[in-house]
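Residue-level structure breakdown
Take a look at the letters that make up each chain.
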Amino acid sequence: MMFVAPIALSEQDQDMAQRDDASLANVISFDWLAPRSRPSVPLEQLSPAALAYLGDAVYELYIRHYYLAPPKRIQTYHNQVVGQVRAEQQASHLRSLLPQLTPIELDILRRGRNAANGKPKRIDLETYQQATSLETLIGYLYLTDPQRLIALLTQLQLSPDL
């Protein structure tokens, strides 16, 4: 049987643990968003659907990370995250970011929109296309310009009360 000694918290850690919940949200950084390595496939060979697949995961992880502070029950975390990752909310976020996007980013959105074919079950096609476009852009920026991605994500109007 292995013995694990208790970890003594430094003064800085103790001080941080005593901060109120609102300031804790400011302590959490998004450095984890920067990819550690690039995929072995050239970016030009990734389809918009593949970029959207990656972007969906990055977006949800960002949203989950955002809602970690202040600490809550798991069901509350879940409800807040589900409220933000719905296609309708993603489409709304996309519309709020449109004025800030570059021509290249707008082209990525177009490619993502065109890749969103098929008939969605619970939402209209336009909303589905907008959500897929946002996911495609997030996947693209995750691989090409994580700092730009962070700048855009931090401008989203996320509701703390969802």
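Cut-offs used in this document
Residues numbered from 1 in each chain as written. Predicted model: local features only at pLDDT ≥ 70, side-chain atom pairs only at ≥ 80, totals over all residues. Heavy atoms only, no water. Helix = DSSP H or I, 4+ residues; strand = E, 2+ residues; numbered from the N terminus. Core = buried A, V, L, I, M, F, W, Y, C linked by side-chain atoms within 4.5 Å. Buried < 20%, exposed > 50% of the residue type's maximum accessible area, 1.4 Å probe, protein only. Contact = heavy atoms within 4.5 Å. Axes fitted to C-alpha atoms, helices over the stretch in contact; angles between N-to-C directions. Parallel < 35°, antiparallel > 145°, perpendicular 65-115°, else oblique. Nonpolar A, V, L, I, M, F, W, Y, C, P; charged D, E, K, R; others polar. Expected span 1.5 Å × (residues − 1). Arc of directions from axis to C-beta. Salt bridge = Lys/Arg side-chain N within 4 Å of Asp/Glu carboxyl O. Polar contact = N/O pair within 3.5 Å; in protein donor to acceptor, adjacent residues only side chain to side chain. pLDDT = per-residue confidence, 0-100.

Before going further, it helps to examine the environment of A131. On the secondary structure map, A131 appears in helix 7 (residues 125-144). A131 sits 22 residues away from L109 along the chain, and the two C-alpha atoms are 9.7 Å apart.

To continue, consider the nonpolar core. Counting 26 residues, the largest nonpolar core has Y59, I63, L137, I138, L149 and L153 as the members making the most contacts within it. Looking at this core, the element that brings in the most residues is helix 7, giving seven residues. Once residues lying within four places of it in the same chain are set aside, the contact partners of Y59 are Q84, V85, Q90, H93, L134, I138, L153 and L156.

Here the focus is the packing of helix 7 against helix 8 (residues 146-153). To describe two helices that pack against each other, one gives the angle between their axes and the distance between the axes. The interhelical angle for the contact between helix 7 and helix 8, taken along N-to-C directions, is 135°, at an axis separation of 6 Å. Compared by their axis directions, helix 7 and helix 8 come out oblique. Packed against helix 7, whose contacting residues are L137, I138, L141, Y142 and T144, the element helix 8 presents P146, R148, L149, L152 and L153 at the interface. Here the residues of the contact of helix 7 with helix 8 are counted per class, giving eight nonpolar, one polar and one charged.

For helix 6 (residues 103-115), spanning 13 residues, the distance from its first C-alpha to its last is 18 Å, which sits close to the expected 18 Å at 1.5 Å a residue. Regarding helix 6, the residues found buried are E105, I108, L109 and G112. Buried positions in helix 6, seen along its axis, are confined to an arc of 100° and lie on one side of it. Set apart from the buried face of helix 6 by more than 90 degrees, the exposed residues are P103 and I104. Tucked inside the fold, the buried residues of helix 6 contact helix 3 (48-66), helix 5 (87-97), helix 7 and helix 8.

This next bit is on the pattern of salt bridges. Scanning the model with the defined rule gives five salt bridges in all. Residue R122 pairs with E88 through a salt bridge whose shortest N-O separation is 2.9 Å. Of the two residues, R122 is situated in the loop between helix 6 and helix 7 and E88 in helix 5; the sequence distance between them amounts to 34 residues. Here R122 falls in the exposed class, since its relative accessible area comes to 52%. Among the residues examined, E88 registers a relative accessible area of 30% and is labelled partly exposed.

Further remarks concern helix 7. Counted at 1.5 Å a residue, the expected span for helix 7 with its 20 residues is 28 Å, and the 28 Å between its end C-alpha atoms agrees. Of all 20 residues that make up helix 7, 15 are buried, and the element is covered over most of its length. Capping the start of helix 7 is the job of one residue whose side-chain oxygen sits 3.3 Å from the backbone nitrogen of E126: D124.

Mean pLDDT over the protein chain works out to 80, with 73% of the residues at or above the 70 mark. Note on residues 1-10: pLDDT under 50 across the span, and one contact to partners over four residues away in sequence or across chains. Across residues 12-28, confidence stays below pLDDT 50; counting only partners more than four residues off in sequence or on other chains, it has 11 contacts.

What follows is about unusual backbone geometry. Going from A69 to P70, the amide bond is cis rather than trans, its omega being -5°. Positionally, P70 belongs in the loop between helix 3 and helix 4 (74-85).

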